[in-house]
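Listed below are the residues making up each chain.
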Amino acid sequence: MSAAPPAALAPYLTPAHEHLWSEAEEFTARHVASRVERMEAAPHKVERKLSRLMAGRRWFGVTIPAEYGGLGAGHVAKTVLIHRLAAVSATAAAILQAGLIPIGALQHWGTAEQKTRWLPLAADGTVLLSIAVTEPRAGGHIGGIETVAERDGDTWLITGSKAHIGNSHLAGMHIVVARTAPPDVTASKALTAFLVEHGCKGLTVDPHRAGLGLRGFTAGRLHLDRVRIPAANMLGNVGEGLYVAQSSSILYGRPNLTALSLGIHEALVDTTATYLSSRARYGGHLSDLPVVQDRLGGMQARLQTAQTIAYQAVDLLDRKVACDNHLIGAKHTGHQLAARSAQDAMELHGARALDTDYPLQRLFRDIQHTYPPAGTGEFQRIHLAKTALGTGFVEWSERLATESSWTPIEPTPG
Ligand SMILES: Cc1cc2nc3c(=O)[nH]c(=O)nc-3n(C[C@H](O)[C@H](O)[C@H](O)COP(=O)(O)OP(=O)(O)OC[C@H]3O[C@@H](n4cnc5c(N)ncnc54)[C@H](O)[C@@H]3O)c2cc1C
């Protein structure tokens, strides 16, 4: 693992970022590395301590402005934290990243009262947030959302189910996107986001079920049975739920998943290089063989590309440059490159790859978890084709730059 940032990242990192990088290295060495085996050995257990330790560092407040008690450190800083955590434990990184997406939504769509009340609690980790968009039947098709919110005087009643919700078992508040218009109304007008506190009557969470990887991380099901929330808990306006979900997925979710796959990718290359250079063969080591070097070199080339696109995209975001296609492309390509390296790593290890006491199979399982969230590859490519065709879409990165003057958005075609 690299203790210091690679020189190639110098264009994107300030001394403050480098300081955060060192802090993350110290944190993973002290608190994370020793937990990895324990989390792997107990797939049905929910990891709770790590989120508290990260909250103690105020990392859930990394993008929250200082006026609300956050670090106000921006998107590159967020990438540094997720990347460095993921190089040691994708679970730790997943817990942090899943908490940061809804915080982004609250920051950009919350009223002054909502931000004053909730952001300080989010910044110090008193309250962890989740964002609940995906549904058991509709999956990633946001227009198919069946969860319904009905107005009842000064309250809303929400009924429905949400699936694969990151930090489902840790969050004290969920941002729930629900339908507030009849099924024939287009998604760009039919959905609304709500702040739903975890203790609300009628809200239940299914028991934690272990996934393929990310052991200790929870991405479970929420059920809402006529959950009553005050009207003041609406996030954004009626009909803006699609935009709340879409903007936070593009500006926070995609770069977060990019950083997560980058950290796993780095661990794949490190693990493989270490193994090949220590496995004896023909009086030397496997790493001496040109065919093996060719494959390892390919892995390193992919890692370097993944590193550059990850940091370049969030640097553009911090500079308030319109860069949605770069955030999307980095998530898409970062995962693809890492998944390809994961396959090479498995093959280069021979049968050793399959040993459950060896970290490689964990990395191979964990990398599968960076494909579906914040848009599958198919959806990233649909979006990127619009860039290629010049057919356009809302540039959320551009709107972020003029955030204070956000106005209701007209639906875009498609
Ligand atoms: C680790 C993890 C964390 C997650 N965290 C959250 C979270 O915090 N909040 C949340 O709301 N969700 C979360 N999700 C859910 C994630 O957003 C969904 O898995 C994703 O949107 C895809 O939905 P699905 O898995 O139901 O697949 P489906 O929507 O059923 O899609 C299955 C396949 O069909 C393809 N497909 C579907 N429709 C089309 C189309 N129109 N054109 C082309 N291809 C299509 C998809 O790309 C995919 O390959 C998380 C998932 C994971 C794995």
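Residues numbered from 1 in each chain as written. Predicted model: local features only at pLDDT ≥ 70, side-chain atom pairs only at ≥ 80, totals over all residues. Heavy atoms only, no water.

## As for the pairing of strand 2 (residues 148-152)
Here strand 2 pairs with strand 3 (residues 155-166) via five bridges, running antiparallel. If you follow Asp 152 over to strand 3, its bridge partner there is Thr 155. Between the end of strand 2 and the start of strand 3, which pair antiparallel, lie two residues, with Gly 153 showing a positive phi angle near 65 degrees. (Pairing = 2+ DSSP bridges. Helix = DSSP H or I, 4+ residues; strand = E, 2+ residues; numbered from the N terminus.)

## Comments concerning the site of the ligand
By nearness alone, 17 residues border the ligand, and Ile 131, Val 133, Thr 134, Thr 376 and Glu 378 come closest of all. With respect to the ligand, the backbone of Gly 166 contributes an N or O atom lying 3.0 Å from an oxygen atom. Contact with the protein chains removes 63% of the 970 Å² of surface that the ligand exposes when unbound. Listing elements by their share of the shell around the ligand, those giving two or more residues are strand 1 (129-132), strand 3 and helix 11 (377-389). Along the lines of polarity and charge, the residues of the shell around the ligand split into nine nonpolar, seven polar and one charged. Of the residues that make up the shell around the ligand, three or more belong to each of domain 2 (130-239) and domain 3 (243-405). (Near = heavy atom within 4 Å. Polar contact = N/O pair within 3.5 Å; in protein donor to acceptor, adjacent residues only side chain to side chain. Areas by Shrake-Rupley, 256 points an atom, 1.4 Å probe, with all protein chains shown as cover. Nonpolar A, V, L, I, M, F, W, Y, C, P; charged D, E, K, R; others polar. Domains from an automatic or database assignment.)

## What about helix 9 (residues 324-348)?
With 25 residues, helix 9 extends 36 Å from end C-alpha to end C-alpha; this agrees with the ideal 36 Å at 1.5 Å per step. Remark: Gly 350 follows helix 9 within two positions and exhibits a positive phi of approximately 55 degrees. (Expected span 1.5 Å × (residues − 1).)

## A short note on a positive patch on the surface
Judged by side-chain charge, Arg 38, Lys 45, Arg 48, Lys 49 and Arg 52 come together as a positively charged surface patch. By secondary structure assignment, the location of Lys 49 is in helix 2 (residues 49-56). (Patch = residues over 30% accessible without salt bridge, like charges linked within 9 Å, V, L, I, M, F, W, Y side chains within 5 Å. Salt bridge = Lys/Arg side-chain N within 4 Å of Asp/Glu carboxyl O. Lys, Arg positive; Asp, Glu negative; His and termini not counted. Charge placed at Lys NZ, Arg CZ, Asp CG, Glu CD.)

## Re the packing of aromatic side chains
Each pair of aromatic rings is reported with the distance of its centres and the angle of its planes. The full count for this structure, using the stated rule, is five aromatic pairs. These aromatic residues form a ring-pair network of at least three members: Trp 109, Tyr 243 and Trp 396. (Phe/Tyr/Trp six-rings, centres within 6.5 Å; stacked < 30°, edge-to-face > 60°.)

## Here we look at the packing of helix 2 against helix 4 (residues 90-109)
Following both chains from N to C, one finds helix 2 and helix 4 inclined at 60 degrees, their axes separated by 10 Å at the closest point. In terms of orientation, helix 2 and helix 4 fall into the oblique class. Relative to helix 4, the crossing made by helix 2 is right-handed. Here Leu 50, Ser 51 and Met 54 of helix 2 lie close against helix 4, whose contacting residues are Ala 92, Ile 95 and Leu 96. Partitioning the contact of helix 2 with helix 4 into residue classes produces five nonpolar, one polar and no charged. (Axes fitted to C-alpha atoms, helices over the stretch in contact; angles between N-to-C directions. Parallel < 35°, antiparallel > 145°, perpendicular 65-115°, else oblique. Left-handed = near helix turned anticlockwise from the far one by under 90°. Contact = heavy atoms within 4.5 Å.)

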